[in-house]
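Reading the structure
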Amino acid sequence: MTPVSQFTAPGGGPGSDVGRRIAHSRTQAGLSRAELAQAVGADPSYLRYIEEENAAPGTAVLLRIANALGVSLAELRGTAAGYPDGRGRAAAEPVLEEMGEQECRRRIGTHGVGRVGFSTEATGPVILPLNYTLVDGELTLRSTERGPLAQAAGGTVAFEVDRVDEALGAGWSVLATGTLRHVSDPVRAKALARAAWSAPWAGGDRTAWFALRPERLTGRIIRT
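Residues numbered from 1 in each chain as written. Predicted model: local features only at pLDDT ≥ 70, side-chain atom pairs only at ≥ 80, totals over all residues. Heavy atoms only, no water.

Describing the overall build of the protein chain
What the protein chain contains, in helices and strands, is 8 helices and 8 strands. Expressed as a percentage of the 224 residues in the protein chain, the buried residues total 39%. Looking at the protein chain alone, contacts between residues at least 24 apart form 66% of all its contacts between residues at least 6 apart. Total accessible area on the protein chain is roughly 12,400 Å²; 51% of this is exposed by carbon and sulfur atoms. (Helix = DSSP H or I, 4+ residues; strand = E, 2+ residues; numbered from the N terminus. Buried < 20%, exposed > 50% of the residue type's maximum accessible area, 1.4 Å probe, protein only. Contact = heavy atoms within 4.5 Å. Areas by Shrake-Rupley, 256 points an atom, 1.4 Å probe, with all protein chains shown as cover.)

A short note on the nonpolar core
Ranked by internal contacts, the top residues of the largest apolar core, which has 24 residues, are Leu149, Phe159 and Leu180. Per element, the largest residue contribution to this core is 4 residues, and it comes from strand β6 (residues 170-182). Setting aside residues no more than four positions away along its own chain, Leu180 makes contact with Leu141, Leu149, Ala152, Ala153, Gly154, Gly155, Val157, Phe210, Ala211 and Leu212. Counting 15 residues, the second-largest nonpolar core is a separate cluster that includes Ile22, Ala37, Val71 and Leu76. (Core = buried A, V, L, I, M, F, W, Y, C linked by side-chain atoms within 4.5 Å.)

Looking at the pairing of strand β8 (residues 216-223)
Bridge count for strand β1 (residues 95-99) against β8 is 5 bridges, and the pairing is antiparallel. Residue Glu97 lies in a different strand from β8, and its bridge partner there is Ile221. As defined by bridge partners, β6 adjoins β8 across 7 bridges and the pair is classed as antiparallel. Bridge assignment links Val174 to a residue of β8, and that residue is Gly219. (Pairing = 2+ DSSP bridges.)

Points about the environment of Pro57
With respect to the helices, strands and loops of the structure, Pro57 is situated in the loop between α3 (44-52) and α4 (59-69). Apart from the residues lying within four places of it in its own chain, the contact partners of Pro57 are Val18, Tyr46, Ile50 and Leu62.

Here we look at the environment of Arg77
By the secondary structure assignment, Arg77 is in helix α5 (residues 73-77). Take Arg77: its relative accessible area is 36%, and that puts it in the partly exposed class. Along the chain, Arg77 and Thr59 lie 18 residues apart, while their C-alpha atoms are 9.9 Å from each other. Not counting the four nearest positions on each side in its chain, Arg77 is found in contact with Val18, Arg21, Thr59 and Leu62.

Let's talk about the packing of aromatic side chains
Applying the stated criterion across every chain, the model contains 1 aromatic pair. Look at Tyr132 and Phe159: their rings are 5.5 Å apart centre to centre, the planes differ by 85°, and that puts the pair in the edge-to-face class. Taken as a pair, Tyr132 in strand β3 (residues 124-135) and Phe159 in strand β5 (residues 156-165) lie far apart in primary sequence, 27 residues in all. This pair shows no difference in class: Tyr132 is buried, exactly as Phe159 is. (Phe/Tyr/Trp six-rings, centres within 6.5 Å; stacked < 30°, edge-to-face > 60°.)

As C-alpha coordinates, this is what we get:
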(Lines give C-alpha, C1' and ligand atoms only; values in the text may rest on other atoms or scores of the structure.)
Protein backbone atom coordinates (compact mmCIF):
# COMPACT_ATOMS: atom_id res chain seq x y z
CA MET A 1 0.00 0.00 0.00
CA THR A 2 1.45 3.35 -1.02
CA PRO A 3 1.32 6.16 1.55
CA VAL A 4 -0.62 9.13 0.16
CA SER A 5 2.34 11.44 0.78
CA GLN A 6 4.39 9.35 -1.67
CA PHE A 7 1.69 8.93 -4.29
CA THR A 8 1.92 10.61 -7.67
CA ALA A 9 -1.19 10.83 -9.79
CA PRO A 10 -0.92 8.29 -12.63
CA GLY A 11 0.22 9.97 -15.81
CA GLY A 12 0.77 13.40 -14.26
CA GLY A 13 2.26 15.53 -11.53
CA PRO A 14 1.92 15.17 -7.79
CA GLY A 15 -1.30 17.21 -7.57
CA SER A 16 -2.91 18.50 -4.39
CA ASP A 17 -3.43 16.36 -1.29
CA VAL A 18 -7.08 15.82 -2.28
CA GLY A 19 -6.04 14.99 -5.85
CA ARG A 20 -3.51 12.42 -4.67
CA ARG A 21 -6.10 10.80 -2.41
CA ILE A 22 -8.59 10.61 -5.28
CA ALA A 23 -6.00 9.11 -7.63
CA HIS A 24 -4.89 6.65 -4.95
CA SER A 25 -8.46 5.54 -4.13
CA ARG A 26 -9.28 5.26 -7.83
CA THR A 27 -6.26 3.03 -8.42
CA GLN A 28 -7.14 0.90 -5.40
CA ALA A 29 -10.69 0.52 -6.77
CA GLY A 30 -9.34 -0.61 -10.14
CA LEU A 31 -11.00 2.22 -12.06
CA SER A 32 -9.58 4.14 -14.97
CA ARG A 33 -9.90 7.91 -14.98
CA ALA A 34 -12.51 7.67 -17.74
CA GLU A 35 -14.57 5.13 -15.76
CA LEU A 36 -14.58 7.31 -12.65
CA ALA A 37 -15.45 10.39 -14.69
CA GLN A 38 -18.41 8.56 -16.20
CA ALA A 39 -19.57 7.39 -12.76
CA VAL A 40 -19.59 10.92 -11.33
CA GLY A 41 -20.87 12.62 -14.49
CA ALA A 42 -17.73 14.65 -15.08
CA ASP A 43 -15.42 15.21 -18.03
CA PRO A 44 -12.23 13.09 -17.84
CA SER A 45 -10.14 16.20 -18.46
CA TYR A 46 -11.67 17.85 -15.38
CA LEU A 47 -10.93 14.76 -13.30
CA ARG A 48 -7.34 14.84 -14.59
CA TYR A 49 -7.14 18.48 -13.51
CA ILE A 50 -8.39 17.58 -10.01
CA GLU A 51 -5.90 14.73 -9.66
CA GLU A 52 -2.83 16.37 -11.13
CA GLU A 53 -3.12 20.09 -10.41
CA ASN A 54 -3.54 22.12 -7.24
CA ALA A 55 -7.33 22.05 -7.60
CA ALA A 56 -9.96 22.70 -4.92
CA PRO A 57 -13.14 20.91 -6.06
CA GLY A 58 -16.40 21.73 -4.31
CA THR A 59 -18.17 19.53 -1.77
CA ALA A 60 -20.81 18.34 -4.27
CA VAL A 61 -18.15 17.07 -6.69
CA LEU A 62 -16.16 15.43 -3.90
CA LEU A 63 -19.27 13.69 -2.59
CA ARG A 64 -20.00 12.19 -6.01
CA ILE A 65 -16.38 11.04 -6.30
CA ALA A 66 -16.40 9.59 -2.77
CA ASN A 67 -19.62 7.67 -3.45
CA ALA A 68 -18.25 6.27 -6.71
CA LEU A 69 -15.03 5.15 -4.98
CA GLY A 70 -16.76 3.74 -1.91
CA VAL A 71 -14.87 6.00 0.50
CA SER A 72 -15.94 8.81 2.80
CA LEU A 73 -15.71 12.52 2.14
CA ALA A 74 -13.44 12.81 5.19
CA GLU A 75 -11.05 10.25 3.68
CA LEU A 76 -10.68 12.26 0.49
CA ARG A 77 -10.14 15.46 2.44
CA GLY A 78 -7.73 13.81 4.86
CA THR A 79 -9.69 14.90 7.92
CA ALA A 80 -10.33 11.31 9.06
CA ALA A 81 -6.67 10.47 9.62
CA GLY A 82 -6.57 11.78 13.20
CA TYR A 83 -9.55 9.77 14.42
CA PRO A 84 -10.41 6.08 14.83
CA ASP A 85 -12.83 4.34 12.48
CA GLY A 86 -16.40 3.94 13.61
CA ARG A 87 -17.21 7.46 14.80
CA GLY A 88 -20.44 7.36 12.81
CA ARG A 89 -23.68 5.73 13.93
CA ALA A 90 -24.82 2.20 13.17
CA ALA A 91 -27.22 1.69 10.26
CA ALA A 92 -30.95 1.28 10.94
CA GLU A 93 -31.11 -2.42 10.03
CA PRO A 94 -27.60 -3.90 9.81
CA VAL A 95 -27.15 -7.56 8.88
CA LEU A 96 -24.05 -9.44 10.05
CA GLU A 97 -23.02 -12.28 7.74
CA GLU A 98 -20.18 -14.79 7.62
CA MET A 99 -17.88 -14.64 4.60
CA GLY A 100 -16.52 -17.72 2.86
CA GLU A 101 -12.80 -18.32 2.46
CA GLN A 102 -12.76 -17.20 -1.18
CA GLU A 103 -14.43 -13.91 -0.29
CA CYS A 104 -12.00 -13.42 2.60
CA ARG A 105 -9.04 -13.84 0.25
CA ARG A 106 -10.58 -11.36 -2.18
CA ARG A 107 -10.99 -8.80 0.58
CA ILE A 108 -7.39 -9.18 1.75
CA GLY A 109 -6.19 -8.55 -1.80
CA THR A 110 -2.51 -8.43 -2.66
CA HIS A 111 -1.37 -5.88 -0.07
CA GLY A 112 -2.61 -3.56 2.64
CA VAL A 113 -2.37 -2.78 6.34
CA GLY A 114 -3.54 -5.11 9.09
CA ARG A 115 -2.94 -5.96 12.73
CA VAL A 116 -1.03 -8.97 14.03
CA GLY A 117 -1.91 -10.22 17.50
CA PHE A 118 0.06 -12.62 19.68
CA SER A 119 1.22 -13.24 23.23
CA THR A 120 4.63 -14.22 24.59
CA GLU A 121 5.96 -14.67 28.12
CA ALA A 122 8.21 -11.65 27.66
CA THR A 123 5.68 -9.24 26.18
CA GLY A 124 2.25 -10.53 27.19
CA PRO A 125 -0.60 -9.73 24.76
CA VAL A 126 0.54 -7.55 21.84
CA ILE A 127 -1.21 -6.15 18.76
CA LEU A 128 0.94 -4.49 16.09
CA PRO A 129 -0.25 -2.64 12.94
CA LEU A 130 1.84 -3.69 9.93
CA ASN A 131 1.64 -3.36 6.17
CA TYR A 132 1.66 -6.69 4.36
CA THR A 133 2.14 -8.17 0.91
CA LEU A 134 0.60 -11.47 -0.14
CA VAL A 135 3.28 -13.65 -1.76
CA ASP A 136 2.68 -17.27 -2.80
CA GLY A 137 -0.34 -17.52 -0.52
CA GLU A 138 1.50 -16.17 2.52
CA LEU A 139 1.06 -12.88 4.35
CA THR A 140 4.58 -11.49 4.45
CA LEU A 141 5.56 -8.92 7.07
CA ARG A 142 8.69 -6.91 7.77
CA SER A 143 9.92 -5.96 11.24
CA THR A 144 13.08 -5.69 13.35
CA GLU A 145 15.38 -8.61 14.10
CA ARG A 146 14.84 -8.47 17.87
CA GLY A 147 11.43 -6.87 18.13
CA PRO A 148 8.21 -8.34 19.54
CA LEU A 149 7.35 -10.03 16.24
CA ALA A 150 10.65 -11.92 16.30
CA GLN A 151 9.75 -13.25 19.73
CA ALA A 152 6.43 -14.53 18.37
CA ALA A 153 8.05 -16.48 15.50
CA GLY A 154 7.36 -20.19 15.75
CA GLY A 155 4.10 -19.63 17.60
CA THR A 156 0.47 -19.10 16.62
CA VAL A 157 -0.55 -15.57 15.70
CA ALA A 158 -3.70 -13.87 14.42
CA PHE A 159 -3.70 -11.32 11.62
CA GLU A 160 -6.73 -9.09 11.10
CA VAL A 161 -7.62 -6.87 8.14
CA ASP A 162 -10.75 -4.72 8.09
CA ARG A 163 -12.55 -1.89 6.39
CA VAL A 164 -15.23 0.48 7.74
CA ASP A 165 -17.68 2.49 5.63
CA GLU A 166 -18.64 5.40 7.88
CA ALA A 167 -21.26 6.77 5.51
CA LEU A 168 -23.26 3.53 5.24
CA GLY A 169 -22.55 2.06 8.67
CA ALA A 170 -21.14 -1.00 6.93
CA GLY A 171 -17.84 -2.83 7.00
CA TRP A 172 -16.03 -6.12 7.03
CA SER A 173 -13.18 -7.91 8.80
CA VAL A 174 -11.03 -10.91 7.95
CA LEU A 175 -9.06 -12.94 10.49
CA ALA A 176 -6.18 -15.21 9.48
CA THR A 177 -4.58 -17.51 12.06
CA GLY A 178 -1.55 -19.75 11.75
CA THR A 179 2.08 -20.25 12.69
CA LEU A 180 4.35 -17.27 12.15
CA ARG A 181 7.59 -18.22 10.41
CA HIS A 182 10.82 -16.24 10.48
CA VAL A 183 12.28 -16.18 6.97
CA SER A 184 15.92 -17.04 7.62
CA ASP A 185 16.89 -17.93 4.04
CA PRO A 186 18.63 -14.80 2.65
CA VAL A 187 17.66 -15.68 -0.93
CA ARG A 188 13.99 -15.91 0.03
CA ALA A 189 14.24 -12.71 2.06
CA LYS A 190 15.62 -10.85 -0.96
CA ALA A 191 12.81 -12.24 -3.10
CA LEU A 192 10.24 -10.97 -0.60
CA ALA A 193 11.90 -7.56 -0.55
CA ARG A 194 11.59 -7.39 -4.35
CA ALA A 195 7.95 -8.49 -4.22
CA ALA A 196 6.96 -6.07 -1.44
CA TRP A 197 4.42 -3.47 -2.47
CA SER A 198 5.81 -0.91 -0.07
CA ALA A 199 8.61 -0.30 2.38
CA PRO A 200 7.51 -0.46 6.05
CA TRP A 201 5.27 2.50 6.81
CA ALA A 202 6.94 2.90 10.20
CA GLY A 203 10.38 3.21 8.58
CA GLY A 204 13.49 2.35 10.54
CA ASP A 205 15.71 -0.71 10.38
CA ARG A 206 13.00 -3.25 9.60
CA THR A 207 14.85 -5.80 7.52
CA ALA A 208 13.66 -9.07 9.12
CA TRP A 209 11.00 -10.95 7.16
CA PHE A 210 8.20 -13.06 8.61
CA ALA A 211 5.56 -15.12 6.83
CA LEU A 212 2.14 -16.35 7.86
CA ARG A 213 0.38 -19.00 5.81
CA PRO A 214 -3.24 -18.92 6.99
CA GLU A 215 -4.32 -22.23 8.52
CA ARG A 216 -7.75 -20.77 9.23
CA LEU A 217 -9.33 -17.88 7.38
CA THR A 218 -12.64 -16.44 8.55
CA GLY A 219 -14.49 -13.21 8.01
CA ARG A 220 -17.66 -11.28 8.70
CA ILE A 221 -19.37 -8.46 6.88
CA ILE A 222 -21.98 -5.92 7.97
CA ARG A 223 -24.44 -5.25 5.16
CA THR A 224 -26.98 -2.43 5.18
